[in-house]
Amino acid sequence: MRRVLIFMVLGLMSLSGCADIPNFDTTKFTPSGFAGFRILIPIEPLLQSAAFDALSTEAQTTLLVGQVARLRARAAALRRPVIDQRTRRILAAALRRHLR
């Protein structure tokens, strides 16, 4: 059994000696190596800003007021508790039961 193990280890070592070691060129993976490549950005914000710039001042103000109102509503929704009072009571009762 020991001879078989030694033979297998030597065989694997000799096979690994035949393998080519990959040449990892680190310049390809640095930020300066990507300098020639273009960065893809989403087109929607560009189109929105172009459309926004084409609007009159009153229309821009109306859009901004609407966005502010939506953001405030979203912030108010995020401030609310995640778990309602009924569910909170059920969970607290379950914890009390299991912690006894």
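The structure presented is a predicted model; accordingly, all values stated were derived computationally and were not measured.

Undergrad: Would you mind showing me how to read the overall build of the protein chain here?
TA: In terms of helices and strands, the protein chain carries four helices and zero strands. If you list the helices and strands of the protein chain from N to C, you get α-α-α-α. When each of the 100 residues of the protein chain is scored for burial, the buried share is 1%. Summed over its atoms, the accessible surface of the protein chain is roughly 10200 Å², and 66% of this surface lies on carbon and sulfur atoms.

Undergrad: Any chance you could explain the confidence of the model for the protein chain here in plain terms?
TA: Where the model shows low pLDDT, its predicted coordinates should not be examined in detail. Here the protein chain averages 80 in pLDDT, while 80% of its residues score no lower than 70. Considering each helix and strand of the protein chain separately, the mean pLDDT is smallest for helix 2 (residues 44–54), with a value of 75, and largest for helix 4 (residues 85–99), with 93.

Undergrad: It is not clear to me how a nonpolar patch on the surface should be interpreted in this structure. Could you clarify?
TA: Residues Leu5, Ile6, Val9, Leu10 and Met13 make up a contiguous nonpolar surface patch of about 490 Å² in total accessible area. In this structure, Met13 sits in helix 1 (residues 2–18).

Criteria and cut-off values
Residues numbered from 1 in each chain as written. Predicted model: local features only at pLDDT ≥ 70, side-chain atom pairs only at ≥ 80, totals over all residues. Heavy atoms only, no water. Helix = DSSP H or I, 4+ residues; strand = E, 2+ residues; numbered from the N terminus. Buried < 20%, exposed > 50% of the residue type's maximum accessible area, 1.4 Å probe, protein only. Areas by Shrake-Rupley, 256 points an atom, 1.4 Å probe, with all protein chains shown as cover. pLDDT = per-residue confidence, 0-100. Patch = residues over 30% accessible without salt bridge, like charges linked within 9 Å, V, L, I, M, F, W, Y side chains within 5 Å. Salt bridge = Lys/Arg side-chain N within 4 Å of Asp/Glu carboxyl O.

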